[in-house]
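Single-letter residue listing:
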Amino acid sequence: MLTGNMFYYSIGWGEYIISRPDLYDILFNSFPRERILLGKRVLSLTQNDDNVMVTCSDNTSHHGEILVGADGAYSAVRQNLYKALKLKSKLPSSDDVSLPFSCVCLVGQTVPLDPEVFSQVQGDLAQGHSILGTSNMYTDSAKRNDSFRNSEWGPEAAEQLAREVRVFKVPGTMNGEPMTLGEYVDRTPSDLISKVMLEEIVFDTWYSGRTVLLGDACHKMSTLRNSDDKVILKVFKEYRAERYPVAKEAFETSRMFSHNLGKNIVATFVRGMTKRFPTWLWKKILFRMNSTRYQASYLPLVNDNFKTKPLYQASLHKTMAIHEELAKTPIVFPAESSAPVTV
């Protein structure tokens, strides 16, 4: 069994949950508000040897030296980049695919629950449960291309799915009767329920020209002016070389755990084995999963001297050396640019 103590023993920190609005506030407060433009939707991008330009749905365009596409799994930046590469016959066949969806997921966040009614929230440690039904009431209706973006995935679809699964039994009792998922659904505001698809893919092409993909878009750089494409290409290559193996391993681990929820004989056998794993084996797996702990050189570094040593982060040591070198010579920076950051 995995416990919070194992996480702390492994990396010195427990697991914490933060709401997305709170995370947005933290990120927004890190930039001047006038430099952030909201409500932008990228329609196209063009790039040459000197700069890159994006055109948005509101007929505005934005220029820069580098474009970082961190716009999620359905990245418009990636789609435009791959379209241009395909026209030039430079897109690998492994990337010329639609997102492979694995399952439909209904997620929600309840209001605070009464511990007297929901014993699961009593105590200091949170509980997590995986429940596998004995029969399958759904068929595979996942779309294999971008046509899934329609009313099927709106609020009404989420509410419909919630009504269908509310009869599912979950751990616990209420008024002497087995508890169902409906008890949680009824305590979840409708605007906090979403029906989403879970995708599983790691693209091979992470950059081209002056455009680079980040995060779910593929699985910032120094703003010092430099028009040398070789320098940009070298940095992009180093970025992919450091992050791709880690992303690929995380992808394989995620796919392994998701496949273990199946109902075939292999999944049943694997689940039976994992229930009998000794503590030392769980620790070994956990240590491996938590060995990747990247830090940002422009933020105060976390004292990381715990049981599981982090993997070597070449980019951190390289940029720290640059910071140390720059600190030796006072630099007079020009007035801060008021150019907005498009998100």
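So, a few notes on the structure that sits alongside this text. What you see is a predicted model; the values in this text were computed from it and never measured.

### Concerning the environment of R293
Piece 1. Among the structural elements, R293 can be located in the loop between helix 8 (279-289) and helix 9 (314-327).
Piece 2. On the accessibility criterion, R293 (17% relative accessible area) is buried.
Piece 3. R293 sits 16 residues away from K309 along the chain, and the two C-alpha atoms are 9.1 Å apart.

### Some words on unusual backbone geometry
Piece 1. A positive phi is found at N59, a non-glycine position, where the angle reads about 70°.
Piece 2. By secondary structure assignment, the location of N59 is in the loop between strand 3 (52-56) and strand 4 (61-64).
Piece 3. You can call N59 exposed: its relative accessible area is 74%.
Piece 4. You will see that S89, though not glycine, has its phi angle at about 60°, which is positive.
Piece 5. By the secondary structure assignment, S89 is in the loop between helix 3 (76-87) and strand 6 (101-108).

### A few points about the side chain of T211
Piece 1. Note that T211 resides in strand 11 (residues 211-213).
Piece 2. A polar atom in the side chain of T211 sits 3.2 Å from the side chain of Q47.
Piece 3. When residues no more than four places from it in sequence are discounted, the contact partners of T211 are L45, Q47, V52, L67, V77, L81, W206 and F236.

### Remarks on the environment of K318
Piece 1. Assignment of secondary structure puts K318 in helix 9.
Piece 2. Look at K318 and you get partly exposed, because its relative accessible area is 39%.
Piece 3. Separated by 21 residues in the primary sequence, K318 and S297 have C-alpha atoms spaced 9.2 Å apart.
Piece 4. Excluding residues within four positions of it along the chain, K318 makes contact with K234 and E238.

Each value, and the rule that gives it
- Residues numbered from 1 in each chain as written.
- Predicted model: local features only at pLDDT ≥ 70, side-chain atom pairs only at ≥ 80, totals over all residues.
- Heavy atoms only, no water.
- Helix = DSSP H or I, 4+ residues; strand = E, 2+ residues; numbered from the N terminus.
- Buried < 20%, exposed > 50% of the residue type's maximum accessible area, 1.4 Å probe, protein only.
- Polar contact = N/O pair within 3.5 Å; in protein donor to acceptor, adjacent residues only side chain to side chain.
- Contact = heavy atoms within 4.5 Å.

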